[in-house]
Amino acid sequence: MKSAALLSAVLLATGAHALPSEQTISKRATCTSPVKLSGNPFSAHTLYANSHYGNYVTNATAAITDSALKAKAAKVASVGSFLWLDTISALSTLDAHLKAVPCNQVIGIVVYDLPGRDCAAKASNGELAVGQLSTYKASYIDALVKIIKANPNTGIVAIIEPDSLPNLVTNANLATCQASKSGYEDGVAYALKSLNLPNVVQYVDAGHGGWLGWNDNLAPGAAELAKVYKAAGSPANVRGFATNVAGWNAWSKNPGEFENAPDGQYNKAQDEKRYVALFSAALKTAGHPNFAIVDTGRNAVQGLRLEWGDWCNVNGAGFGVRPTSSTGDAQTDAFVWVKPGGESDGTSDTSATRYDSFCGKDDAYKPAPEAGTWNQVYFEMLLKNAVPSF
Ligand SMILES: *[C@@H]1O[C@H](CO)[C@@H](O)[C@H](O)[C@H]1NC(C)=O
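Remember, it's a predicted structure, so these values are computed and weren't measured experimentally.

1. Description of the site of the ligand
Thought 1: Taken together, the neighbourhood of the ligand is formed by Asn55, Tyr56 and Asn59.
Thought 2: The separation between an oxygen atom of the ligand and a polar side-chain atom of Asn59 is 2.3 Å.
Thought 3: Within the complex, the protein chains bury 32% of what would otherwise be the 360 Å² of accessible surface of the ligand.

Structure below.
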């Protein structure tokens with residue numbers, strides 16, 4: 001939370017009128033003094049709608065001919081979502097983004113450039129190879145910290161390295177993940193320690209209920225996160241964990257989508273609400289902060305996946321609940337949009353270097369371009385299937 005003076009200014013600015021128009025929001029002033037966040041960053045701030053995603057959505061809207069769908073598409077541009085800093089060069093645009101964030105909002109960033117990234121799959125392999133840890137530290141994390149320090153008046157929520165620590169817990173049998181292990185642990189610890197800044201709140205990625213939620217994975221998963229957090233010196237601004245990033249799980253569904261599968265008895269985290277409860281308890285035991293944020297960007301429709309682990313461009317998906325701190329769950333700080341809906345999870349071109357067989361499965365939308373590339377048809381599908389609708 002900001003200082004009392006700033007907070008009351010925000011309350012004055014946001015209080016007692018009807019919902020402001022989008023135009024008013026975009027013109028809202030930036031903070032004029034350093035921001036200090038504590039507690040749930042979403043209790044007094046909404047998630048910033050960055051122009052990176054906004055520009056994609058604006059272009060996508062222009063390409064739609066059906067007037068009713070076009071009007072709905074236009075609304076997506078004002079939904080807050082996270083900005084993925086997935087390469088060193090992506091940092092070049094960050095300063096401008098940080099300077100545009102209104103004082104009653106926080107910008108979400110995804111820190112995502114570890115050496116040997118995506119060790120258990122192929123679609124999101126990154127630019128840094130195993131062993132390039134010093135490049136990660138100096139050219140990526142240090143560069144990121146420098147930009148953030150130059151913008152102390154902007155509130156920032158960071159999700160740290162999706163899939164990395166979860167992969168070390170469950171894919172330790174893969175040679176690629178064995179090779180990545182020390183770099184992931186050292187790299188994440190370095191990120192956590194370096195990003196321990198007053199205007200930043202950090203959430204470490206913890207996969208989802210169908211991953212670390214298995215009975216046998218809960219304690220080892222929490223232990224892995226806690227080990228790295230402690231190696232970082234237990235940074236004060238680590239608030240907890242992020243779940244369902246780029247995922248598809250429902251927040252709350254009874255019975256859960258895979259609850260009645262033959263192995264359902266071995267997993268009590270059958271929706272993200274139950275996963276948050278179980279994993280936050282495990283984190284507490286392990287000595288790691290345990291508040292959660294949950295990606296609801298694409299989880300509107302259930303029953304689409306053949307198997308729980310299917311992660312690539314799930315066909316029939318829809319935009320989920322819009323970012324909000326009204327989660328109804330004391331342990332869950334906010335529902336957020338992390339994965340920018342419309343950007344591909346991976347290519348369906350079987351001849352591509354980064355082709356992953358998950359992107360060719362029967363439940364994956366095809367054709368799909370390379371990870372991170374815009375897929376207009378997929379965007380329109382998410383829009384048509386959105387719950388609540390736009
Ligand atoms: C949007 O369209 C404009 C005009 O065609 C183009 O210059 C720009 O690169 C596009 N932006 C994105 C994010 O696709």
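Anyway, onward from the coordinates.
2. Quick word on the packing of aromatic side chains
Thought 1: Applying the stated rule across the entire model yields 16 aromatic pairs.
Thought 2: Between the aromatic rings of Phe319 and Phe390, the centroid separation amounts to 6.0 Å while the plane-to-plane angle is 80°, which identifies the pairing as edge-to-face. In this pair, Phe319 sits in the loop between β7 (291-295) and β8 (332-336) while Phe390 sits in the segment after α11 (376-384), placing the two residues 71 residues apart along the sequence.
Thought 3: What makes Phe390 buried here is its relative accessible area of 15%.
Thought 4: Both rings, one in Trp337 and one in Phe390, keep their centres 6.4 Å apart while their planes meet at 75°; by these two values the pair is edge-to-face. Of this pair, Trp337 sits in the loop between β8 and α11 while Phe390 sits in the segment after α11, and the two are 53 residues apart along the sequence.
Thought 5: Overall, Trp337 belongs to the buried group, its relative accessible area being 0%.
Thought 6: Taken together, the ring pairs in this structure connect Tyr53, Tyr56, Phe319, Trp337, Trp374, Phe379 and Phe390 into an aromatic cluster.
Thought 7: Positioned over the ring face of Phe291 is Arg239, at 3.7 Å from the centre of the ring.

3. Remarks on the state of the cysteines
Thought 1: Here the structure, examined in full by the defined rule, presents three disulfides.
Thought 2: Each sulfur of the disulfide joining Cys31 and Cys103 lies 2.0 Å from the other. The sign of the 95° torsion about the S-S bond sets the Cys31-Cys103 disulfide as right-handed. Residue Cys31 is found in the loop between α2 (22-27) and β1 (46-47), and its partner Cys103 is found in the loop between α5 (94-99) and β3 (105-111); the two are separated by 72 residues along the sequence.
Thought 3: Overall, the relative accessible area of 8% leaves Cys31 in the buried class.
Thought 4: Look at Cys103 and you get buried, because its relative accessible area is 9%.
Thought 5: One disulfide bridge connects Cys119 with Cys177, the sulfur atoms lying 2.0 Å from each other. Across the disulfide from Cys119 to Cys177, rotation about the S-S bond amounts to roughly 95°, and the bridge is consequently right-handed.

4. Side note on the pattern of salt bridges
Once their charged atoms are close, side chains differing in charge can pair, the charge on each being opposite to the other.
Thought 1: Tallying each qualifying case throughout the model produces 14 salt bridges.
Thought 2: Salt-bridge contacts for Asp186 lead to Lys137; the nearest nitrogen and oxygen are separated by 3.2 Å. Within this pair, whereas Asp186 is found in helix α8 (residues 175-194), its partner Lys137 is found in helix α6 (residues 133-149), the two being separated by 49 residues in sequence.
Thought 3: A residue is classified by how much of its surface remains accessible, and Asp186, at 35% relative accessible area, is partly exposed.
Thought 4: A salt bridge links Arg354 to Glu370; its shortest N-O distance comes to 3.3 Å. Of this pair, Arg354 sits in the loop between β8 and α11 while Glu370 sits in the loop between β8 and α11, and the two are 16 residues apart along the sequence.
Thought 5: Residue class for Arg354 comes out partly exposed when judged on its relative accessible area of 24%.
Thought 6: By sharing partners, the salt bridges in this structure join Lys181, Glu185 and Lys227 into a single network.

5. Some words on the packing of α6 against α8
Thought 1: Interaxial distance between α6 and α8 falls to 10 Å at its minimum, and their mutual angle equals 20°. By the angle between their directions, the pair α6 and α8 is classed as roughly parallel. At the point where α6 passes α8, the crossing takes the right-handed sense. Contacts between α6 and α8 involve Leu133, Tyr136, Lys137, Ile141, Asp142 and Val145 from the first element and Gly183, Asp186, Gly187, Tyr190, Ala191 and Ser194 from the second.
Thought 2: Counted by class, the contact of α6 with α8 contains six nonpolar, three polar and three charged residues.

6. Examining the environment of Ala158
Thought 1: By secondary structure assignment, the location of Ala158 is in strand β4 (residues 155-160).
Thought 2: Judged by its relative accessible area of 0%, Ala158 is buried.
Thought 3: Leave out the neighbours within four places in its chain, and Ala158 touches Ile109, Val111, Val200, Val201, Gln202 and Tyr203.

7. Description of the environment of Leu91
Thought 1: Of note, Leu91 is situated in the loop between β2 (83-85) and α5.
Thought 2: With a relative accessible area of 5%, Leu91 lands in the buried category.
Thought 3: As a C-alpha pair, Leu91 and Pro41 span 50 residues in sequence and 23 Å in three-dimensional space.
Thought 4: Once residues lying within four places of it in the same chain are set aside, the contact partners of Leu91 are Leu85, Ser139, Tyr140, Ala143, Leu144 and Ile147.

8. Overview of helix α3 (residues 51-62)
Thought 1: Given a rise of 1.5 Å per residue, twelve residues ought to cover 16 Å, and the 16 Å separating the end C-alpha atoms of α3 matches this to within 8%.
Thought 2: Considering only its buried residues, α3 is in contact with α4 (67-76) and α11.
Thought 3: A side-chain oxygen of the first residue of α3 lies 3.1 Å from the backbone nitrogen of His52; this N-cap is Asn50.

9. Quick notes on unusual backbone geometry
Most of the time, phi is negative for any residue but glycine, and the peptide bond is trans.
Thought 1: With an omega of -5°, the peptide bond between Asn254 and Pro255 qualifies as cis.
Thought 2: By the element assignment, Pro255 lies in the loop between β6 (238-243) and α10 (272-286).
Thought 3: Omega for the bond connecting Lys366 with Pro367 falls within 30 degrees of zero, at 0°, which places this linkage in the cis form.
Thought 4: Tracing the backbone through its elements, the reader meets Pro367 in the loop between β8 and α11.
Thought 5: Its identity is not glycine, yet Asn313 carries a phi of approximately 45°, on the positive side.
Thought 6: Counting through the fold element by element, Asn313 comes out in the loop between β7 and β8.

Conventions adopted
Residues numbered from 1 in each chain as written. Predicted model: local features only at pLDDT ≥ 70, side-chain atom pairs only at ≥ 80, totals over all residues. Heavy atoms only, no water. Near = heavy atom within 4 Å. Polar contact = N/O pair within 3.5 Å; in protein donor to acceptor, adjacent residues only side chain to side chain. Areas by Shrake-Rupley, 256 points an atom, 1.4 Å probe, with all protein chains shown as cover. Phe/Tyr/Trp six-rings, centres within 6.5 Å; stacked < 30°, edge-to-face > 60°. Helix = DSSP H or I, 4+ residues; strand = E, 2+ residues; numbered from the N terminus. Buried < 20%, exposed > 50% of the residue type's maximum accessible area, 1.4 Å probe, protein only. Lys NZ or Arg CZ within 6 Å of the ring centre and 35° of its normal. Disulfide = S-S within 2.5 Å. Salt bridge = Lys/Arg side-chain N within 4 Å of Asp/Glu carboxyl O. Axes fitted to C-alpha atoms, helices over the stretch in contact; angles between N-to-C directions. Parallel < 35°, antiparallel > 145°, perpendicular 65-115°, else oblique. Left-handed = near helix turned anticlockwise from the far one by under 90°. Contact = heavy atoms within 4.5 Å. Nonpolar A, V, L, I, M, F, W, Y, C, P; charged D, E, K, R; others polar. Expected span 1.5 Å × (residues − 1).

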